[in-house]
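Summary of the model geometry
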Amino acid sequence: MDFDYDLVIVGAGVAGALTAWQVKTARPEARVLILDAGDNPVTSIQRARFVDSYQLSPTKGVPSPYAALPNNALGVAASSDGVGDPVTMNRYYVENGPDLFKSGFQRMTGGSTWAWRGNCPRFLESDFRLGSRYGRGVDWPFDYAELEPFYVRAEAELGVSGNGTEWAPYTPRSAEFPMPGIAPSYGDERVRAALHGIAPIDGVRVTPITTPQARNSEDYQGRVACQGHSSCLPICPSGAKYDAGHHLRRADKLGVELRTASVVTRLIRRQGGTPIVAFKDWNTADRIEQRVTARQVVLALNAVETPKLWLVSGLDNTSDQVGRNLMDHPTEEVVGLFPEPLFPFRGPQTILGIEDFRDGPFRRNNGAFRLTVGNDGWGRTESPEAAVDRLLWDGAGGRILRTGSELQQAVNHRVTRMLRFSYATEQLPNPANRVTLSDERDSLDQPRPKLSYQLDDYSRRALAYGHSVARRLWQHIESTIGAEEVGPLQPSLAYKGSGHVIGTMRMGTERFTSVVDEAGQSHDHPGVWVVGASVFPTGGTANPTLTLAAVTLRTADRVAAAL
């Protein structure tokens, strides 16, 4: 058969962009096509337009820079701030409950890396062996040592800043970070000093350290150093933070073809060969189905869209794992007013983290978690805009409270002292948490994804324990130097989404228990590969993007070898 392309990649987010660049680098002669549903450039001009949209928007949430994009206006992405508004989450998802899945994504060229925070800690060694070590979840088909060289490559490609000496007790490294860690803010240093004398919590020593970030601390690979705008999520004005456009531009220079506004509608089975890829260009009037053939196909969509496409296509599902084990990192925060000004919002939204509760024997009973020290005031609990409103206006009484210099002084006294400790918790894979097809169709006439989702007791205990630790951090500050308005004082077991859409296309060695093999190739359909966080057997305790990138580079090597 004469193929149109050697490789077709579905999706131009970080996984698709890395795959295209790596395969084309290894195999310059290969004909590579990326099909992406977005239709935005990945240029500095487009970035400036996003920044303008963000500045002019009356709200400053994740969707605001991108709301005007035609593909987002079509309502074909679950774009949200993770706060769990059921109306927002059901504009694209069909939420089947019993709990609400609160994390969405950006359907645009470059994917959600336009709007991510950029935090890039590695998984711990134990995260790959949760089943054998703690009797929870399952083990990955390879261990940390196998993935470590790919972590090094991923850190170099994404441009991760970090301090190796701080991380030596947590994750063994064979190479230093590409550049030094982001310098802590003034507020970070004051918080670190306040926590310096804290006693161990449940026998665990608390040590705030610099979070590795795909954000330049110095000029790197054509991207400038971080300028401290503090709007990393939803948009980095300078481009210091990595986004997938970086590798899309590099892939373009190598000759990779990118077709935007192209929604892949199905994979058409072909006897004894790689499926045909069918897609529709939503910029055309008739949106007629087009088809391309390839020797190999890589699905680089997220953990909602990949199983949706698989199920729409009616591909084999021997393991019955397609769409199952949907995970996130449920998160919450404990906030308060520090006794002195911290002057937040200068620098990235978070620089310091507490990694000491990511592992321990307690994982047999409840999930682990990462803690972050916020440099963005009260985060989702109260924005500066909301702080001004509460100081200006008495809603119950319908009267103005303050104006002029009195209001200015009150805002200064409050906002400059805001601090949060957030905790993002581990969630076990649960086959009942899944993506299936609903009977409802989106504006592109594709089935909307139906999500069934529930937090189990393991995750709820993790949220309770995370609150307990964050509350004890505040208790130490209260008892030593003072604090105000600390809360919540008790765990509510409410949660927010982290934007970490994980699972649904499990990787493993056995075709009866997993969808793809340890290299990312389908057990049922040779020639079809899956990259992205959807292949993760477990969610671990770290932001998934760095591990996603490392696993993708590992798979890309195998794809290149198969061409």
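The structure contained in this document is the topic of the report that follows. (Residues numbered from 1 in each chain as written. Predicted model: local features only at pLDDT ≥ 70, side-chain atom pairs only at ≥ 80, totals over all residues. Heavy atoms only, no water.)

1. A closer look at the sheet that holds strand β9 (residues 294-299)
To keep things clear, this is the line we draw: A strand pair is defined by DSSP finding two or more bridges across the two strands. Each helix is a run of DSSP H or I of at least 4 residues and each strand a run of E of at least 2, with the numbering of both proceeding from the N terminus. For every element, the axis is a line fit to its C-alpha atoms; helices are fit only across the contacting stretch, and the angle between N-to-C directions ranges from 0 to 180 degrees.
Strand order in this open sheet of five strands is β5-β2-β1-β9-β19, and the pairing throughout is parallel. The open sheet has two edge strands, β5 (257-259) and β19 (528-530), and neither has a second partner. Neighbour-to-neighbour, the strand axes of the sheet open up by a mean angle of 20°, direction not taken into account. As defined by bridge partners, strand β1 (residues 5-10) adjoins β9 across five bridges and the pair is classed as parallel. Within β9, the position partnered with Ile9 by the bridge is Val298.

2. Quick word on the packing of aromatic side chains
What counts, and what does not: What counts as a ring pair is set by centres within 6.5 Å for rings of Phe, Tyr and Trp (its six-membered ring), and what kind of pair is set by the plane angle: stacked under 30 degrees, edge-to-face over 60, tilted for all other angles. For every residue, the accessible area obtained with a 1.4 Å probe (protein chains only) is divided by the maximum for its type, and the residue is called buried under 20%, exposed over 50%, and partly exposed between those limits.
Summed over the entire model, instances satisfying the criterion amount to 23 aromatic pairs. Measuring from centroid to centroid gives 4.8 Å for Phe50 and Tyr66, while their planes differ by 75°, and the two rings are edge-to-face. Of the two residues, Phe50 is situated in helix α2 (residues 44-56) and Tyr66 in the loop between α2 and α3 (70-73); the sequence distance between them amounts to 16 residues. For Phe50, a relative accessible area of 2% corresponds to the buried category. A relative accessible area of 0% means that Tyr66 is categorised as buried. For the ring pair Phe101 and Tyr453, a centre distance of 5.0 Å and an interplane angle of 80° mean the geometry is edge-to-face. You can see Phe101 sitting in the loop between β3 (94-98) and α5 (130-134) and its partner Tyr453 sitting in strand β17 (residues 447-453), a full 352 residues away along the chain. Judged by relative accessible area, which is 0%, Phe101 ranks as buried.

3. Remarks on unusual backbone geometry
Geometrically, the link from Gly97 to Pro98 is a cis peptide bond, its omega value of 5° lying close to zero. Within the fold, Pro98 resides in strand β3. A cis amide bond links Gly487 to the next residue, Pro488, at an omega of 0°. As for its placement among the helices and strands, Pro488 is situated in the loop between β18 (484-487) and β19. One non-glycine residue, Arg287, lies in positive phi territory at about 50°. As for its position among the elements, Arg287 is in the loop between β7 (273-281) and β8 (289-292).

4. With respect to helix α12 (residues 404-415)
Heads up, the rule is: One less than the residue count of a helix, multiplied by 1.5 Å, gives the span that helix is expected to have. The arc in question is formed by the directions pointing from the helix axis toward the C-beta atoms. Contacts are assigned to residue pairs that have any heavy atoms within 4.5 Å of one another.
Over its twelve residues, α12 extends 16 Å from the first C-alpha to the last, a length consistent with the 16 Å expected when each residue adds 1.5 Å. Inspection of α12 places Leu407, Ala410, Val411, Arg414 and Val415 among the buried residues, and these make up the whole buried set. Down the axis of α12, the buried set is contained in an arc of 110°. They therefore lie on one face. Counted as exposed and oriented over 90 degrees from the buried face of α12: Gln408 and Gln409. If you follow the buried residues of α12, they end up packed against β10 (331-337), α11 (384-392), β15 (418-425) and β18.

5. Remarks on the nonpolar core
Note the cut-off: To qualify as a nonpolar core, a set must consist of buried Ala, Val, Leu, Ile, Met, Phe, Trp, Tyr and Cys residues joined through side-chain atoms within 4.5 Å.
Core analysis: the largest hydrophobic core is formed by 92 residues, its most contacted members being Leu158 and Leu299. Apart from the residues lying within four places of it in its own chain, the contact partners of Leu158 are Leu18, Trp116, Cys120, Ala214, Arg223, Tyr242, Thr545 and Ala549.

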